[in-house]
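Residue-level listing of the chains:
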Amino acid sequence: MTNKIEPIQTLSLSFDPENPRFYRLNDKAGSEGVVISEMLQDESVQELMLSIGEQDYFPGEPLLVVRDGKKNIVVEGNRRLAAVKLLNGEIKPPSKKNKSVQLIRDEATYKPKELPCIVYQTREEVLRYIGYRHITGVKEWDSLSKAKYLKELYETFYEGKKKSKADILKSLSKEIGSKPYYVGMLLTALHLYEVAAEDDFFDLPMSEKDVDFSYITTALGYSNLTEWLNLEDRKDFDCNEIDEENLKNLFAWCFVRDQQGRTIVGESRRISDLATIVEYPRAIDNLLKSSNIDEAFLYTNGQEQALDQAINLAETKLRVVWEMLLSTQKFSSNHQERASQLFDISKQIRNHIANAIRDEEDDE
C-alpha cells in the first residue's frame with residue numbers, strides 16, 4: 001500500500017453497502033439510517049465516540065476509501081466513520097439512542113469534520129488487507145493487558161493532578177470508550193495482582209502463568225469480597241490498606257492447583273459461593289482446613305437459602321399435580337403408590353424440621 005494519506009471531509013465519505021458486518025441488512029446496507037441503527041445496537045459505536053471525543057481522531061488509523069466516480073466509499077473504517085458523523089452532527093441517531101448520543105456529543109472536546117484516508121481505485125486492492133485485519137491480523141487485548149495500559153495512561157496523564165478519583169475514572173473511561181466502573185475495577189484488580197506478584201505470590205505453589213486475571217475482576221464484583229479485602233469498593237484502585245493475608249487466601253483458593261490440576265474454587269461461577277463464605281468466620285476456617293468449597297459453604301446460610309428454594313419448587317410442583325388430579329378421570333395403582341411415597345417423604349421432612357426446632361428450643 002503505497003498510497004498517500006489525504007484528508008477528506010466527512011460529508012464526502014459514504015458507508016460501504018457491501019460491508020460484511022451488515023450482511024443481514026441485504027440491499028438496505030447503503031442506507032445511513034439503517035447502518036447507524038445497526039451499529040449502535042451491535043457495534044459499540046458509542047464507545048468509539050467517547051474515545052474520539054476525548055482524544056481526537058488518531059491520524060495513524062486512516063480510513064481505506066474506494067473512489068467510485070465522485071463518491072468516496074469507506075471500505076475499511078465504517079464504524080469509525082459512523083462515530084465521527086454522529087459526533088459532528090452530520091447524521092442523527094435513532095430516537096431511542098438520541099439521548100445517550102447527545103450526552104456524548106455535549107461532553108466531547110473534539111468533533112472532527114475531516115478524516116485521514118488512503119484512496120484506492122478498486123475494491124480488489126484492499127480486500128485482502130481487510131481479511132487480514134478482521135480475521136487473522138487484529139487480536140483484542142485481554143483484561144490484564146487492558147489494565148496495564150490503563151495504569152500507564154493514569155501515571156502518564158493523571159497521577160498527581162488535582163482531580164477527584166471519580167473524574168479520573170471518567171476521563172480514562174472516555175479514552176478507551178468504556179464505563180468508569182469498569183476502568184476502576186480493572187485498575188483495582190491490577191493493584192491486587194501487583195501486590196501479590198511483588199511478594200512472589202506469597203510463596204504459594206503457583207506462578208504468574210497460573211493467574212486468570214478475570215477471576216480477580218469477577219471477585220471485585222461482590223461487595224462481600226471487596227470488604228473482606230479491606231477495599232472501599234471495586235473502584236478503590238489506590239487502596240494502600242489491603243488485607244494481604246486475605247489476598248493470599250484468595251489467590252490460594254483461585255489459582256493454586258492440586259495434583260489433578262484443580263483449584264479450590266474451580267469454575268469462576270463458584271466465586272459467588274466464595275463471596276458468601278467470607279461472610280462467616282467458621283466457613284472461612286473450614287475452607288482453610290478442608291480446601292473444599294462445598295463443605296465450607298455448609299457453614300454459611302447458603303444451605304438455608306438453597307433449602308428454601310427447594311421447598312418452594314417442590315410446593316409449586318405439587319400444586320401442579322393437584323390441579324392435574326382435578327381434571328383427570330382415571331387413576332392407576334402406580335399413581336397411588338407414588339402419591340404414598342410423596343406423603344411419606346413430606347412427613348419425614350416435616351418431622352425432621354420439627355424435631356430440630358424443638359431440640360434448639362430445649363438447648364436455649
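Within each chain, residue numbers correspond to sequence positions counted from 1 in written order. pLDDT decides what is reported in this predicted model: residues at 70 or higher carry local features, side-chain atom pairs at 80 or more are listed and counted, and totals for whole chains, interfaces and linings draw on all residues regardless. The basis for every side-chain value is the complete set of non-hydrogen atoms in the structure, without hydrogens or water.

## Details of empty space enclosed by the protein
Move 1: In this analysis the probe radius is 1.4 Å and the grid spacing 1 Å, with only protein atoms considered; a cavity is a set of points the probe fits into but cannot get out of, a pocket is an open set with protein on both sides within 12 Å along at least five of seven lines, and lining residues have an atom within 4 Å of a point. Grid points are joined across faces, edges and corners, and a volume is the space filled by probe spheres set on the points. Scanning the entire structure with this criterion turns up one cavity of 30 Å³ or more.
Move 2: What the largest cavity holds in volume is close to 50 Å³.
Move 3: Forming the boundary of the largest cavity are Met49, Leu50, Gly53, Glu54, Ile104, Glu107, Ala108, Thr109 and Lys174.
Move 4: Secondary structure elements are defined from DSSP: runs of H or I of at least 4 residues count as helices, runs of E of at least 2 residues count as strands, and each element is numbered from the N terminus. Those elements that provide at least two residues to the lining of the largest cavity are helix H2 (45-55) and helix H4 (98-107).

## A word on the confidence of the model for the protein
Move 1: Overall, the predicted model of the protein reaches an average pLDDT of 88, with 93% of residues at or above 70.
Move 2: What pLDDT reports is the predictor's confidence in each residue, on a scale of 0 through 100. Here helix H1 (residues 32-42) stands out as the element of the protein with the lowest mean pLDDT, 71, in contrast to helix H11 (residues 244-255), whose mean of 98 is the highest.
Move 3: Any two residues whose heavy atoms approach within 4.5 Å are treated as being in contact. Low pLDDT, under 50, characterises residues 23-30; the stretch is placed with nine contacts to residues that sit more than four places away or in other chains.

## Points about the pairing of strand E4 (residues 71-76)
Move 1: Only protein chains enter the accessibility calculation, which uses a 1.4 Å probe; a residue whose area is less than 20% of its type maximum is buried, one above 50% is exposed, and one in between is partly exposed. Counting buried positions over the six residues of E4 gives five, a clear majority of the element.
Move 2: A pair of strands is labelled paired if DSSP reports no fewer than 2 bridges between them. Examined bridge by bridge, strand E2 (residues 13-15) and E4 share three bridges and lie parallel to one another. Across the sheet, Leu13 pairs through a bridge with Asn72, a residue of E4.
Move 3: For strand E3 (residues 63-68) and E4, the ladder comprises five bridges, and the chain directions are antiparallel.

## What to know about helix H13 (residues 281-290)
Move 1: Those residues of H13 lying buried are Ala283, Ile284, Asn286 and Leu287. Looking down the long axis of H13, one finds its buried residues gathered within 160° of arc, a one-sided arrangement. Opposite the buried face of H13, by more than 90 degrees, sit the exposed residues Pro281, Arg282 and Lys289.
Move 2: At its buried positions, H13 is contacted by helix H10 (223-228), H11, helix H12 (271-277) and helix H14 (293-297).
Move 3: Phi for Ser291, located one or two positions after H13, is positive at around 55°. Directions drawn from the helix axis to the C-beta atoms are what define this arc.

## Focus on the packing of aromatic side chains
Move 1: Aromatic rings from Phe, Tyr and Trp, with only the six-membered ring used for Trp, were paired whenever their centres fell within 6.5 Å, and each pair was classed as stacked if the ring planes differed by under 30 degrees, edge-to-face if by over 60, and tilted otherwise. Tallied over the full model, the rule gives nine aromatic pairs.
Move 2: Taking the centre distance of 6.2 Å and the plane angle of 80° together, the rings of Tyr193 and Phe213 count as edge-to-face. Note that Tyr193 is positioned in helix H8 (residues 180-198) and Phe213 in helix H9 (residues 213-219), a separation of 20 residues in sequence.
Move 3: Judged by its relative accessible area of 5%, Tyr193 falls in the buried class.
Move 4: Where Phe201 meets Phe251, the ring centres are 6.1 Å apart and the plane angle is 35°; that geometry is what we call tilted. One end of the pair, Phe201, is in the loop between H8 and H9; the other, Phe251, is in helix H11, and 50 residues separate them in sequence. The exposure classification of Phe201 matches that of Phe251, with both residues buried.

## Re the sheet that holds E4
By way of backbone hydrogen bonds, the strands of a sheet pair with one another, either parallel or antiparallel.
Move 1: The strand order across the open sheet built from five strands is E1-E5-E3-E4-E2, with neighbouring strands paired in mixed fashion. Only two strands of the sheet have a single partner each, and these edge strands are strand E1 (5-9) and E2. Across the sheet, the axes of successive neighbouring strands diverge by a mean angle of 50°, strand direction being ignored.
Move 2: Where helix H3 (residues 78-87) meets the sheet, its contacts fall on E2, E3, E4 and strand E5 (114-120), and the angle it forms with E2 comes to roughly 120°. To get an axis, fit a line to the C-alpha atoms, keeping to the stretch in contact for a helix; angles then go from 0 to 180 degrees between the N-to-C directions.

## A word on the packing of H2 against H3
Move 1: Here H2 crosses H3 at 65°, and the two axes come no closer than 9 Å. Classified by chirality, the crossing of H3 by H2 is right-handed. Residues Val45, Leu48, Met49, Ile52 and Gly53 of H2 lie in contact with H3, whose contacting residues are Arg79, Arg80, Ala82, Ala83, Val84, Leu86 and Leu87.
Move 2: Residues belonging to the contact of H2 with H3 are distributed by class as follows: nine nonpolar, one polar and two charged. In this scheme, a crossing is called left-handed if the near helix is turned counterclockwise away from the far one by less than a right angle; it is called right-handed if the turn is clockwise. Gly falls in the polar group here, along with every residue not listed as nonpolar (Ala, Val, Leu, Ile, Met, Phe, Trp, Tyr, Cys, Pro) or charged (Asp, Glu, Lys, Arg).

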